[in-house]
Amino acid sequence: MKSVPILAVALCLFLPQPSHAYRLSGYKWPQAETSFVYDLIDTQGRTRSPSGQSWNDAFREAMERWRNRTGFAFEGNEGTSPDPCSDDGLNTAAFRLDKCGFAFGNSTLAITYSVFSRGTLKETDIIFNGNEPWDIYDGPLRYAPDFTRVAVHELGHALGLDHEDSVPSIMSSRIGDLTIPQLDDVQGIQALYQDGIDLPDGCDISPLTINTIVQRQLDLSDCRRADIVTTPFGSDDSLVDLYDLEMPVTGLIIIRMQSETLDSYLEIRDPSGNTILASDDDSGTGVNAFLTARLEKGRYRIVANTAFEWADTGEYTLQALIHFEGEATSRVNADKSISIDAVEYAGLYYRATLIPFTPQTGPPGRYWQLASASLLTPQPDSPIPGALVSPDSLDLIFNPIPALGKLYDAVLERYYDPDFPGVRIWRLKSAVPRP
């Protein structure tokens, strides 16, 4: 019999009554570090999940998610498998068909036994219910429980956290789509180990220089959306990169996020990052984001995210476009035609001329039709044209265009005239003068 108190905490499939944020169990490690000894083999004798991933690798990943999010120094020693039901002073994890001689409850996925004395942890052992059809995967919860996210939950108990159901938390007593410690969980660890770990106040923020193409990737070490919002995305586990953008003048900003693997999602926020000013999901080609907004001179927060609420990873490029210096490369002529020295369309640059057009039907407004377009050879060195064609709507966006002695941030929307099916026509959508 153990000579010190033992606490067993199980992860179940029921939802109890709401409680206060980050509930603490009342015990913790003397320092913000501990290690586990394990060699995970399921009750069918398999070292890998049905999807082919190693149980050991998944358990190590679960420890890394706590380390990456909180700084708590989890260490893993693989290769031996001590008995989780033995009072041996070793932290271990294992699959079993019972919980040390007692049957698992119908809804119990795993249980953590903690041995402590006067609030100080001496040993923790995690037992995974070997009667369950375990697998390893990302994304929404499936019929088979995901071993990694359950291991993350149980390791939270091993750190000293109790169940928490009133806010988004990996410590919820009900398994769901969350796969990493949430903001509330991180704050709980900070409360427990505030003298032992250095937690960041927020997510890293990089400068986004106008006209510069940024090549980055979303990976599991990045900030999560749950860290930067409460509602309506408080339980959103998706990855984010944060940028600060300085608008040198009041004008039209164009931000493009493109990826071959991610469903891109963009936001412009106020400098504090709390208020969303503009957002876009799929206005670019395919599932790329293409965001335009008129902004006042000043600083803004840019959020590069994905449309999915789970931790989707992949590479992307990001670019903020605005023409604010030098001679504009488009202009309105005396005969009201428009000359464009460089317009981007589908990654190539063209010289184009638009001439006034009068439709037989259609809403009132100013119209132009394409009179000529020729490919620029060689292509310009600068990635910023005087105008670009939106890859989705085919709107023409000028940033800026001179007219009547002023500079305008203007948008011409693509117009389809049934009486002229073969003519490329645009209608003035907006024209905002710069100060």
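Structure's up top.
S.K.: Quick one: what's the story with the overall build of the protein, residue by residue and with numbers?
M.R.: Scanning the protein from N- to C-terminus turns up four helices and 24 strands. The contacts of the protein with a sequence gap of at least 6 include a subset with a gap of at least 24, amounting to 68%. Accessible surface for the protein amounts to roughly 20,300 Å². Of this, 49% is attributable to carbon and sulfur atoms.

S.K.: Explain unusual backbone geometry to me, using residue names and the numbers behind them.
M.R.: Looking along the chain, the bond that leaves T377 and enters P378 is cis, with omega of 0 degrees. Mapped onto the secondary structure, P378 falls in the loop between strand 20 (367-375) and strand 21 (387-389). We note that C100 has phi near 60 degrees; this positive angle belongs to a residue other than glycine. Within the chain, K336 stands out as a residue other than glycine whose phi angle is a positive 70 degrees. Relative to the helices and strands, K336 resides in the loop between strand 17 (330-332) and strand 18 (338-345).

S.K.: Could you give me a rundown of the pairing of strand 14 (residues 289-295), with the residues and numbers involved?
M.R.: Among the seven residues that make up strand 14, five are buried, leaving the element largely enclosed by the rest of the structure. Pairing analysis gives seven bridges linking strand 11 (residues 251-258) to strand 14, with the strands arranged antiparallel. Note that in strand 14 the partner of M257 across the bridge is A289.

S.K.: Could you give me a rundown of the side chain of S54, with the residues and numbers involved?
M.R.: In this structure, S54 sits in the loop between strand 2 (33-38) and helix 1 (55-70). Judged by relative accessible area, which is 10%, S54 ranks as buried. Apart from residues lying up to four places away in sequence, S54 is in contact with T47, R48 and I136.

S.K.: Let's hear about helix 2 (residues 147-159): which residues, and what values?
M.R.: The end-to-end C-alpha separation of helix 2 is 18 Å, in line with the 18 Å expected for 13 residues at 1.5 Å each. Taking burial as the measure, the 13 residues of helix 2 include 13 buried ones, the bulk of the element. A positive phi of about 120 degrees marks G160, the residue just after helix 2.

S.K.: Got a sec to walk through the sheet that holds strand 16 (residues 314-321)? Specific residues and values, please.
M.R.: Taken in spatial order, the four strands of this open sheet run 8-16-11-14, and their pairing is antiparallel. Two strands bound the open sheet, and with one partner strand each, they are strand 8 (213-218) and strand 14. Sheet twist, expressed as the average angle between the axes of neighbouring strands with direction ignored, equals 20 degrees. Of the strand pairs in this sheet, strand 11 and strand 16 are connected by five bridges, and their pairing is antiparallel. Across the sheet, the residue bridging to I254 is L321, located in strand 16.

S.K.: Quick one: what's the story with the pairing of strand 16, residue by residue and with numbers?
M.R.: With respect to burial, strand 16 is a largely interior element, six of its eight residues being buried. Here strand 8 pairs with strand 16 via six bridges, running antiparallel. What sits directly across from I213, in strand 16, is Q319.

The rules behind these values
- Residues numbered from 1 in each chain as written.
- Predicted model: local features only at pLDDT ≥ 70, side-chain atom pairs only at ≥ 80, totals over all residues.
- Heavy atoms only, no water.
- Helix = DSSP H or I, 4+ residues; strand = E, 2+ residues; numbered from the N terminus.
- Contact = heavy atoms within 4.5 Å.
- Areas by Shrake-Rupley, 256 points an atom, 1.4 Å probe, with all protein chains shown as cover.
- Buried < 20%, exposed > 50% of the residue type's maximum accessible area, 1.4 Å probe, protein only.
- Pairing = 2+ DSSP bridges.
- Expected span 1.5 Å × (residues − 1).
- Axes fitted to C-alpha atoms, helices over the stretch in contact; angles between N-to-C directions.

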